[in-house]
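# Residue-level structural notes
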Amino acid sequence: MEFSIKSAAAGRQKSGCAVAGIFESRKPSAAATALDRAAGGYIGNVMGRGDMEGRAGSTLLLHNVPGVACERVLLVGLGRAGDFGDRQYREAVAAAVKALNATSAGEAELHLVSLAVGKRDVGWRVQQAIAVAGDCAYRFDRMKSKQENRQPALRKLVLCVDGAAMRAAQTALKRGAAVAHGVDLAKDLGNLPGNVCTPSYLAEQAQTLATAHRLGIDVLERKDMEKLGMGTLLSVARGSAQPPKLIALQYRGGAKNAKPVALVGKGVTFDTGGISLKPAPEMDEMKFDMCGAASVFGTLKAAAEMKLPLNVVGIVPATENMPGGKATKPGDIVTSMSGQTVEILNTDAEGRLILCDALTYAERFDPAAVVDIATLTGACVIALGHVASGLFANDAALAKELLAAGDAAHDRAWHMPLWDDYQDQLKSNFADFANIGGRPAGSVTAACFLARFTKKFKWAHLDIAGTAWKSGREKGATGRPVPLLTQFLINRSRKKA
Ligand code: BES
Ligand code: MN
Ligand code: ZN
């Protein structure tokens, strides 16, 4: 979908549809009032009949409204004016785009963007409108032999703002579009099946991204990992016929000597659990176990598109986790790149094993901060559901930055504890420590495991097990946390530039 900004009065210019909001009960927004005036009271009249009360989520499509240049007028219910906040705004935009998708309008002017949403500024409203519209417009039919669903006609959304807000809105438009492109890339990679999206495929996609945006790229092969002593990463790859890859991408938008932010994404392209095999139900969803990696690629794409003035390194350890004759067995002990030994008591706790070597590898970039992103634990889904990602950090200021970015992008995270008290659960009788800490606080002990490899830098960990994809009828990748990470980089580049 294409987006543009205009400062235009509602319904004055030709377009497929003008979209305006109505509060409960039958209270027109400023844009709806303007439309009604142009139409000589026609809209008020329709409302008077009771067909549009302004209930949240409701829509009413009108054709050939007299005095209005647009072919259609779409009224969108906003709910009670006093309740109108972030959530209600996003839902109103979603309702509008869904209703537009059911029409054959190719272009529409969206006046919801000029609504007041608490203390949010016009930039926020523009960026969120683009994010929500992009979500509604997303389709993944690449793997179907023919396109099943009629493609929506809507190609272009014109976001209408006050003249005074044009500049801020234009900046937000560029950002919003870049984030949407990053989110789409992350969704596409996540949605691809495990037999297509292998570690080699991820490496190829990284190469494509590097070529398109002039990123530096390094892909380590198995023998390179052996030389570096990446024993924990290699232990996960042992059961698979697919060769593992460690992908490092470098975006250099900042000063030569400016320390980079490192983003490390879990890239398990399929997680069977290995010898500690997972049960069959819903195992297909373990194709999404590379969504952390996908979010790193998506964020780098967005950062490069915006030409952010900072340096970013993306590191993706990619492998399958398969059972096989050579697979790692419970009780096996391996040595990580850091030199610490790990007793693998459960081969299904593989994410931390590939991340720990990738985190040690990150040291060589002398990073200003390291953020890893991983579909790491089922326990995080139990703790936070599908709303917030779990955030863990060894640095309070970094945690604060990420929480704020998530709030601004409406891609939220919740701060979880990383106290040493939990470290006891990882005790091993045979190695330096074990790779699992039992059932209590499973997402915390997973983070505690990673913390043993991140002592040399400021580090945060995002557990996205509950937020990276949706299950059920709407099964599919969400592209999270690309919006959070991109906002984090935008904020950082503002501060340091
Ligand atoms: N990829 C899974 C985590 C996961 C499970 C994400 C379900 C989303 C939904 C991870 O590799 C895993 O299997 N974790 C285990 C760890 C356990 C063995 C300590 C888990 O959460 O069950
Ligand atoms: Mn697993
Ligand atoms: Zn996994």
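Residue numbering note: each chain is counted from 1, following its sequence as written. As they are written, the chains are lettered A onward and the ligands numbered 1 onward, keeping that order. Owing to the predicted nature of the model, reporting of local features is limited to residues with pLDDT of at least 70; listing and counting of side-chain atom pairs is limited to 80 or more, with chain, interface and lining totals taken over all residues. Calculated side-chain values reflect all of the structure's heavy atoms, with hydrogen atoms and water omitted.

## Let's talk about the nonpolar core
Membership of the largest hydrophobic core comes to 62 residues, with the highest contact counts inside it found for L202, L249, F297 and L462. Here, nonpolar core means buried Ala, Val, Leu, Ile, Met, Phe, Trp, Tyr and Cys residues that are tied together by side-chain atoms lying within 4.5 Å of each other. Three labels apply to residues, based on accessible area from a 1.4 Å probe with only protein chains included: buried if under 20% of the type maximum, exposed if over 50%, partly exposed otherwise in between. A248, I354, A374 and F457 belong to the second largest nonpolar core, which has 47 residues in total.

## Some remarks on the site of ligand 1
When at least one non-hydrogen atom of a residue lies within 4 Å of a molecule or strand, that residue is treated as near it. Around ligand 1, the structure places 16 residues, and the nearest of them are K278, D289, D348, E350 and G378. Taking D289, its side chain carries an N or O atom lying 2.9 Å from a nitrogen atom of ligand 1. Side-chain atoms alone can form a polar contact between residues adjacent in sequence; in general such a contact is a pair of N or O atoms within 3.5 Å, and within protein one must be able to donate a hydrogen while the other accepts it. At 2.8 Å, a side-chain N or O of E350 approaches an oxygen atom of ligand 1. Using a 1.4 Å probe, accessible areas were evaluated by the Shrake-Rupley method; residue-level cover was limited to the displayed protein chains. Isolated, ligand 1 exposes 510 Å² of accessible area, and the fraction of that covered by the protein chains is 76%. Ten residues, namely Ala, Val, Leu, Ile, Met, Phe, Trp, Tyr, Cys and Pro, are considered nonpolar, four, namely Asp, Glu, Lys and Arg, are considered charged, and the remaining ones, Gly among them, are considered polar. In terms of residue class, the shell around ligand 1 is built from five nonpolar, four polar and seven charged.

## Quick look at the coordination of the zinc ion (ligand 3)
Ligating atoms shown are N, O and S within 2.8 Å of the metal, or 3.2 Å for Na, K and Ca, and water is not included, meaning a site may look less than complete. Those donors, K266 (NZ), D271 (OD), D289 (OD) and E350 (OE), are the protein atoms that reach the zinc ion (ligand 3), and they lie 2.0 to 2.4 Å from it. In short, tetrahedral needs four donors with all angles between 85 and 135 degrees, square planar needs four and octahedral six donors with opposite donors over 155 degrees apart and all other angles between 65 and 115, and whatever is left is irregular. Here the zinc ion (ligand 3) binds six donor atoms, and the angle range of 78 to 175° at the metal identifies the geometry as octahedral. Taken as an interatomic distance, the gap from the zinc ion (ligand 3) to the manganese ion (ligand 2) is 3.2 Å; D271 donates to each of them. The residues K266 and D271 share a single accessibility class, namely buried.

## Here we look at the sheet that holds strand 14 (residues 341–344)
Two strands are said to pair when DSSP picks up at least two bridges between them. The helix count covers DSSP runs of H or I at least four residues long, the strand count covers runs of E at least two residues long, and both are numbered beginning at the N terminus. Taken in spatial order, the three strands make up an open sheet running 13-14-18, and their pairing is mixed. Single-partner strands in this sheet number two, and they are strand 13 (332–335) and strand 18 (433–434). Here four bridges tie strand 13 to strand 14, and the two strands are oriented antiparallel to one another. Within the sheet, the bridge partner assigned to I333 lies in strand 14 and is E343.

## A closer look at the coordination of the manganese ion (ligand 2)
Protein coordination at the manganese ion (ligand 2): the donors are D271 (OD), D348 (O), D348 (OD) and E350 (OE), at 2.1 to 2.2 Å from the metal. Because the angles between the six donor atoms bound to the manganese ion (ligand 2) fall within 71 to 168°, the donor set is best described as irregular. Counting gaps between the donor residues of the manganese ion (ligand 2) yields the pattern D-x76-D-x1-E. We classify D271 as buried; its relative accessible area is 3%.

## Focus on the side chain of S240
Mapped onto the elements of the fold, S240 is located in the loop between helix 8 (231–237) and strand 9 (245–252). A relative accessible area of 10% means that S240 is categorised as buried. Contacts are assigned to residue pairs with any non-hydrogen atoms lying within 4.5 Å of each other. In this view, S240 contacts E320 and M322; residues no more than four positions away in its chain are not counted.

## Things to note about the environment of S276
Relative to the assigned elements, S276 resides in the loop between strand 11 (267–271) and helix 9 (291–306). Taking C-alpha positions, S276 is 50 Å from G79, a pair spaced 197 residues apart along the chain. With sequence-adjacent residues up to four places away left out, S276 is seen in contact with P330, N346, T347 and D348. Polar contacts involving the side chain of S276 include one to the side chain of N346, which spans 3.3 Å.

## Describing helix 3 (residues 86–101)
For helix 3, spanning 16 residues, the distance from its first C-alpha to its last is 23 Å, which sits close to the expected 22 Å at 1.5 Å a residue. Residues of helix 3 that are buried include every one of Y89, R90, A92, V93, A94, A95, A96, V97, A99, L100 and N101, and no others. Turning to helix 3, the residues buried within the fold contact strand 2 (17–24), strand 4 (59–63), strand 5 (72–80), strand 6 (107–110), helix 4 (122–137) and strand 7 (156–160). To estimate how far a helix should extend, the number of its residues minus one is multiplied by 1.5 Å.

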